[in-house]
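# Notes for the structure review
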Amino acid sequence: MGLTKQYLRYVSSAVFGVIGSQKANIAYVTLRGGEKGRYVAVAACEHVFIWDVRKGEKILILQGQKHEVTFLRPSPDGIHIAVGYEDGAVRIFSLLNGESNVSFNGHKSAVSAIQYDRLGAQLVTGSKDTDVIVWDVINECGLYRLKGHKDVITQALFITDKNLLVTSSKDSFVKWWDLDTQHCFKTVVGHRSEVWGMALLNQENRLLTGSADSELRAWDISYLEEEKADGEPKQKKGKSLLVDDDDEDEEEGLEESLDERILSCKKAGSILREARDRVVSLATDAKARVLACHGNDSILELFTVLSEEEVQRRMTKKLKKAKKKAAKAQGDGGEEGAEPVVERSLKDEILKLTNIKASAKIRWVECVSCAGGELKVALLLQNNTIETYSLKTSEKTPAANKTARLTLGGHRTDVRTLAFSSDNLAVLSASGDTVKVWNRSTLQVIRTMACEYALCSLFVPGDRQIILGTKSGKLQIFELASGSLLETVDAHDGALWSLCLAPDQRGIVTGSADKTVKFWEFELIKDSGSSQKRLTVKHTRTLQLEEDVLCVRFSPDHRLLAVSLLDCTVKIFYTDTLKFFLSLYGHKLPVLCLDISHDSALIATGSADRNVKIWGLDFGDCHRSMFAHDDSVMFLQFVPKTHLFFTAGKDKKIKQWDADKFEHIQTLEGHHREVWCLTISPNGDHLVSSSHDKSLRLWERTREPIILEMEREMEREAEFEESMSKGDAPVVPGETQGEAAPAGKKTIETVKAAERIMEALELYKEENRKMEEHKYVCETAGKELPPPKPNPILVAFGNISPSRYVLDVIKKVRSSELEVSLLVLPFPYVPELLTLFNGYVQQGLEVELVCRCLFFLLKIHFGVISGNQMLLSVIDQLRTNTLSKVREIRDVMGFNSAALQFLQRDIESKEDVTFFAEATGKLSEKKKRRRKRERAVLTIA
C-alpha cells in the first residue's frame, strides 16, 4: 500500500484561556509544606490547574486524558488529590510531582461527590449513576458498591469513629449506611425536594442539609449503641396462647426501633437563608466552626457554629435578661411571677456571621481556617473567575476583604472570534467584553483591552493594530503597543458578522445584518491631539443586497467577492465592478462560514444544515456535498497554500478535509462544548480553536504522516472497545441484586487483563505438555536428551519458569482491576490457577496477592469448586499452606511493628533529654545576660 498523498497529523498542544471550569468544585491545597490558603485547585476541562492565588500564577497542571473533570477532593494529609471524571473514573494524583499512579473505574457516568475518611485510607465516591462506591486507597482496590438512591448523589460523608456513611441525593433522601454490614439502616425523608448539600457539625452530632428552598434543615444525631451493655442477652419470651395487648404493642415498638439501634436522627429546626432559590453549594472549614452557603446569585452567606461553652454563656445571659425583665414586671405589678424559662433554639447555636458579595454569580465555594482566627474563602464564579476573600471571625462584625481575583488568564464570556498575526507569533481572541492578545509560544497574555461584543477580527498588515467588528455594527481599531482604542467607526446598522482583509492588504470588506457589504481603505491621518499619524478606515463603496449578510470573502486573486446570505445561498460578485457573477444554492439552511482556496479555484461552504459543500469558482458547480458534523458547521478555513481545510462544529469536534479527494482526514477531539471558531497560522503549523467551555486550544502540526486506512481502522477499533466496555456487567452465579455489590466495572482494560492471564495459562499448559513429552521420550530412549526450546516470551523475560511467568502477569494487573479481571476469566482456567496458587504459597511468593485472588475465586465459583471432587485435594492443601504462611507473615509484621514502636519510644525519650538540656542551657544564658545588664546599670548609676 503506497502513500499516494501524505497528510500530517495535528495534535493537541495546550489548553489555555480557562481559569476554572464550572463542572467541578474548587479546593484549597497545600504544596510542599506551603502556607494554608495560598493554593487552590480547580478543574480546567480535562486537566486540573493549581493556582498560586497570591501571585496569580499557574503552579502545576495535573494532566487529564480525554474526559472532563467533575469533582476534586484533596486528601487529609495534603499530599494527594482525588479527581473524578465525566466517564466515572477516579484518579489520585500526587501534589508533589503531579503524577497519577492510582486509578479507579467503577461508575458508569460522571462522579458527583468524593470524600476521604479521617486517615485518608478509604475513599467514597458518588455518581450520576446513583451508586455510592467505597474504595481502599492503600490496597488500590474497590471494596463495595452501595445501591439505594434513585438520583444523582450530591454528597457523601464518613462518620469518623463509627464506620458509618451518610449520603444525600437529588431523590430528596438522606441515607445512613452501616459499612460493617454494607446496608442502609436509615433513610431520612424530611425533605420535599432535592438535597443539594450536607455538612456535619458539633463533633458529628448534628447534620445540616441544604435543599431547593431557603431553609437549611438541622438534624440532631444521637448514637445509641453505647447505651446498651456489651454482651447483655435479650430476654426471650416464652410462647403462650394468651398474649396481652400490651406485649403486642411492645413488639411493635421493637420493630419500629430497628433502625434506631445504631443512631437516631431527629429534626432540630432550621435556619433561614436570605436567598430564596436552591442551595448551589455548601461548605464548612476543617473543624466545622464556619458554614458557607450560596444560591444561584452572587451573595455568599457565612454562618458561625458556636461551641457548647459559648452557647451556655449565651443562655446564661438570656436568662439574666429574662430574670431582670420579670423582676421589673413584678415591681410594676406588685405580684410574684413564676421563674422565667429560656428555651434553647437553633438560632442560639448557629449565628449569621456576614455576607460576601462576589463580582458575579458563584458556582462553588471553599473555606479554610488559618491561624489567628482568620478565615480564607475561595469562590469559583460562573464567568471563569476565581476570587478569594479573608475575614477575621473573632470580630463582632467581621468585614470580608477581597485578597485576590484571577481574571487575566481568560475571558469572562465565550470567545467568538480568533485571528493569527502574520508572523505566526501572536494570537488575538475577542469575547463579549474584552479582546486579548496572546504569545503563542508561552501562552501568556500580552495585552488585554476592553471592547464591545466582538463577532469578527483581524490583524492589520504590520501586526501593530487590530480591527474588531461588533454586534452593534461598529468597527473598533486598537493599537497594540499602547493597548488603546484608536477609533470606533459606526460602520453598519446591524450586527457586523464578517470582516475580510483585501488581498492587496490596502483595505477591508465588511458584511452585516443590515443587508450591506461595505468596502474600506486603510488611511493614516494626523491625530488632533498629537502630531503623530494614526490608522483609520475610509468607506469607499457599498454593495446593497436583498438579505442579511453572514459571511464575506475575497478570492486571493482579488477578482471575486463571495457573500453568504440568510436565504441559504452564496452570491459571487466581481470585485472591480460589483457585478453579479454566480449564485451557489443547494444548502437547506443559511451558510454560516465559507473560504476560498489559495489558487482561487475552489470555494468551500459550511452551513447550519450540517453539510459542507465544495464548489468550483469557474462555473459555480458543486463538486461534492459532505455530511460534516452532527450539528451546525460554525467555522471553515483552508490551510494556507493547500486544498486541505478545517471545519469546526457545534458537535464539539474539529475536522480536517481534503477538498480534492473529498476525504475526511482526521478529527481533533478535545473541546467539551460547542466550538465557535478557529484560526490557522499563516504557515499552517498551528491552529487555535475556541469553545463554549471557555477554553482556547492550541493544536500543532507534527511530522507524523496519516494513512487514512489505518486512521479508519483505529476509529473502528475505538468504537468496538467502547461497545465492549459498555456491555452487561459480569454476573456472579447464584447472586441476587442487593443493596451492596462489587465495586469494579467491566472496562476494556479488565477484558485485556483477563485475556493476558488466559494467554499466560495457555503458555504454562503448553510448556508443561512439552516437558512431559520430553520426559516420556527420555524414558523410552533410556538416556537424557537435550531439553526442548523454551517459549521465546519466557526467554525475553530472562528464562523464567512458566509458573513464575503466570504470577508476573497477575502482578502486572492493576490492583483496582484485579477482581473484575478474575470475574471475566472463564471457569475452565480456574482449576489450573488454584494448583498454581498452591505452589506460590508453598514457595512464599507474593502471598498477599495470591490470597486475595484465591479468596475472590473461591467466593465467586464456590458452588462449582465445592462440587468438584478433583479439586478437593488442591483446596485441602491450599487451606493448610495458606493458614501457615499467613500466620508467618502476621508474626513478622507484628515483630516489625513492635520494633518500630520501641524505636519510636527510644527516640522520644532521647529527644526529651536533649530538650531539657537545651532548656537548662538557655536558662543559664538568660541569667548571665541579666547579670550583665544589672552590672551595666550599677556602673552608670
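Higher on the page you've got the structure.
This write-up is about the structure you can find in this document. Everything numeric in this text was worked out from a predicted model, so none of it was measured. (Residues numbered from 1 in each chain as written. Predicted model: local features only at pLDDT ≥ 70, side-chain atom pairs only at ≥ 80, totals over all residues. Heavy atoms only, no water.)

Take the overall build of the protein next. Secondary structure assignment for the protein yields 11 helices and 57 strands. Its C-alpha atoms put the protein at 120 × 110 × 95 Å along the principal axes. Going through the 941 residues of the protein one by one, you find that 49% of them count as buried. Considering only contacts in the protein between residues 6 or more positions apart, those separated by 24 or more positions represent 49%. (Helix = DSSP H or I, 4+ residues; strand = E, 2+ residues; numbered from the N terminus. Buried < 20%, exposed > 50% of the residue type's maximum accessible area, 1.4 Å probe, protein only. Contact = heavy atoms within 4.5 Å.)

By secondary structure assignment, the location of N384 is in the loop between β27 (374-381) and β28 (385-392). N384 has contacts with G17, V18, I19, G20, Q22, L406, G410, H411, R412 and K694, leaving out every residue within four places of it along the chain.

Two numbers describe how helix α4 (residues 748-781) lies on helix α6 (residues 802-812): the axes approach to 9 Å, and their chain directions differ by 175°. Comparing the axis directions of α4 and α6 gives the class roughly antiparallel. In contact with R756, I757, A760, L761, L763, Y764 and E767 of α4, α6 contributes P802, S803, Y805, V806, V809 and I810. Split into classes, the residues belonging to the contact of α4 with α6 amount to 10 nonpolar, 1 polar and 2 charged. (Axes fitted to C-alpha atoms, helices over the stretch in contact; angles between N-to-C directions. Parallel < 35°, antiparallel > 145°, perpendicular 65-115°, else oblique. Nonpolar A, V, L, I, M, F, W, Y, C, P; charged D, E, K, R; others polar.)

Grouped together as the largest cluster of nonpolar side chains are 38 residues, with contacts concentrated most on V806, I810, L822, L833, L834 and F837. At the level of elements, α4, α6, α7 (818-824), α8 (830-843), α9 (847-860) and α11 (872-940) are the ones that each hand at least two residues to this core. What V806 contacts, discounting residues up to four positions off in sequence, is A760, L761, Y764, L833, L836 and Y840. Core analysis: the next-biggest nonpolar cluster, separate from the first, contains 29 residues, L418, V427, W438 and W699 among them. (Core = buried A, V, L, I, M, F, W, Y, C linked by side-chain atoms within 4.5 Å.)

Another point: the pattern of salt bridges. For the structure shown, the criterion picks out 39 salt bridges. Where E301 meets K352, a salt bridge forms, and the shortest distance between an N and an O atom there is 3.5 Å. Of this pair, E301 sits in strand β24 (residues 299-305) while K352 sits in strand β25 (residues 350-357); the two residues are 51 residues apart in sequence, bridging distant segments of the chain. Given a relative accessible area of 36%, K352 falls into the partly exposed group. (Salt bridge = Lys/Arg side-chain N within 4 Å of Asp/Glu carboxyl O.)

This part takes up the packing of aromatic side chains. Enumeration according to the criterion identifies 11 aromatic pairs in this entry. Between F71 and W364 the ring centres are 6.4 Å apart and the planes differ by 90°, which places this aromatic pair in the edge-to-face class. In this pair, F71 is assigned in strand β6 (residues 69-74) and W364 in strand β26 (residues 362-370), connecting sequence segments 293 residues apart. The ring of Y223 has K162 lying over it, and the distance from NZ or CZ to the ring centre is 4.3 Å. Over the face of the ring belonging to W676 we find R416, whose NZ or CZ atom lies 4.1 Å from the ring centre. (Phe/Tyr/Trp six-rings, centres within 6.5 Å; stacked < 30°, edge-to-face > 60°. Lys NZ or Arg CZ within 6 Å of the ring centre and 35° of its normal.)

All right, on to the sheet that holds strand β12 (residues 132-136) then. Strand pairing in a sheet is mediated by backbone hydrogen bonds. Such pairs are either parallel or antiparallel. Pairing is antiparallel in the open sheet, where 5 strands are placed in the order β10-β11-β12-β13-β57. Edge positions in the open sheet fall to β10 (111-116) and β57 (740-741), since each of these has one partner strand only. (Pairing = 2+ DSSP bridges.)

Bringing the sheet that holds strand β43 (residues 560-565) into the picture now. Read across the open sheet, the 4 strands follow the order β42-β43-β44-β45; overall the sheet is antiparallel. Edge positions in the open sheet fall to β42 (549-554) and β45 (580-584), since each of these has one partner strand only. Each neighbouring strand pair of the sheet contributes to a mean axis angle of 20°, computed without reference to strand direction. With 5 bridges joining them, β43 and strand β44 (residues 570-574) adopt antiparallel strand pairing. The residue of β44 that forms the bridge with S564 is V570.

Turning our attention to the environment of Q476. Counting through the fold element by element, Q476 comes out in strand β36 (residues 474-479). By relative accessible area, Q476 is classed as buried at 4%. Between the C-alpha atom of Q476 and that of S866, which follows or precedes it by 390 residues, the distance is 82 Å. Discounting chain neighbours no more than four positions away, the residues touching Q476 are C451, E452, I466, I467, L468, T470, L485, E487 and T488. Reaching out from Q476, the side chain makes a polar contact with the backbone nitrogen of E452 at a distance of 3.1 Å. (Polar contact = N/O pair within 3.5 Å; in protein donor to acceptor, adjacent residues only side chain to side chain.)

This part covers a positive patch on the surface. The grouping of K922, K926, K927, K928, R930, R931, K932, R933 and R935 at the surface amounts to a positive patch. As for its placement among the helices and strands, K928 is situated in helix α11. (Patch = residues over 30% accessible without salt bridge, like charges linked within 9 Å, V, L, I, M, F, W, Y side chains within 5 Å. Areas by Shrake-Rupley, 256 points an atom, 1.4 Å probe, with all protein chains shown as cover. Lys, Arg positive; Asp, Glu negative; His and termini not counted. Charge placed at Lys NZ, Arg CZ, Asp CG, Glu CD.)

Another aspect to go through is the pairing of β10. For β10, the tally of buried residues reaches 6 of 6 residues, placing the bulk of the element in the interior. In the sheet, β10 pairs with strand β11 (residues 122-127) via 5 bridges, with the strands oriented antiparallel. Paired with Q115 across the bridge in β11 is V124.

Turning next to a nonpolar patch on the surface. A grouping of L900, F902, L903 and I907 is seen on the molecular surface, where their side chains present a nonpolar patch of about 420 Å² in accessible area. Summarising the element assignment, L903 is placed in helix α11. Taking relative accessible area as the criterion, L903 reaches 45% and is therefore assigned partly exposed.

With that out of the way, let us pick up the state of the cysteines. This model, assessed by the stated rule, comprises 0 disulfides. Between C370, a cysteine without a disulfide, and C367, which holds the nearest cysteine sulfur, the sulfur-to-sulfur distance is 10 Å. Given the relative accessible area of 16%, C370 is considered buried. In this model C551 remains outside any disulfide bridge; the closest cysteine sulfur is found in C593, 6.8 Å from its own. (Disulfide = S-S within 2.5 Å.)

It is at 10 Å that the axes of α8 and α9 come closest, and there the two elements cross at 145°. In the crossing of α8 with α9, the sense of the turn from one axis to the other is left-handed. Every residue of α9 that contacts α8 at V830, L833, L834, F837, Y840 and V841 is listed here: V850, C853, L854 and L857. Here the residues of the contact of α8 with α9 are counted per class, giving 10 nonpolar, no polar and no charged. (Left-handed = near helix turned anticlockwise from the far one by under 90°.)

This paragraph deals with α9. With 14 residues, α9 ought to run about 20 Å at 1.5 Å a step, and its terminal C-alpha atoms sit 20 Å apart, in line with that. Of all 14 residues in α9, 10 are buried; the element is thus mostly enclosed. For α9, the complete set of buried residues consists of V847, L849, V850, C851, R852, C853, L854, F856, L857 and I860. (Expected span 1.5 Å × (residues − 1).)

What follows is about α8. Helix length check: α8, at 14 residues, gives a terminal C-alpha distance of 20 Å against a target of 20 Å (1.5 Å per residue), a fit within 8%. G844 occupies a position one or two residues after α8 and carries a positive phi of about 75°.

This part covers the pairing of strand β40 (residues 516-526). Taken residue by residue, a regular strand's side chains alternate between the two faces of the sheet. Pairing geometry for strand β39 (residues 507-512) and β40, over 5 bridges, is antiparallel. Within β40, the residue paired with I508 across the bridge is W520. Linking β39 back to β40 in an antiparallel pair, the connection comprises 3 residues, with K515 at a positive phi of about 70°. Pairing between β40 and strand β41 (residues 533-544): 11 bridges, direction antiparallel. In the sheet register, E523 faces β41, and the bridge partner there is T536. Linking β40 to β41, which pair antiparallel, is a turn of 6 residues.

Geometric descriptors of this kind do not, in isolation, establish any biological role.
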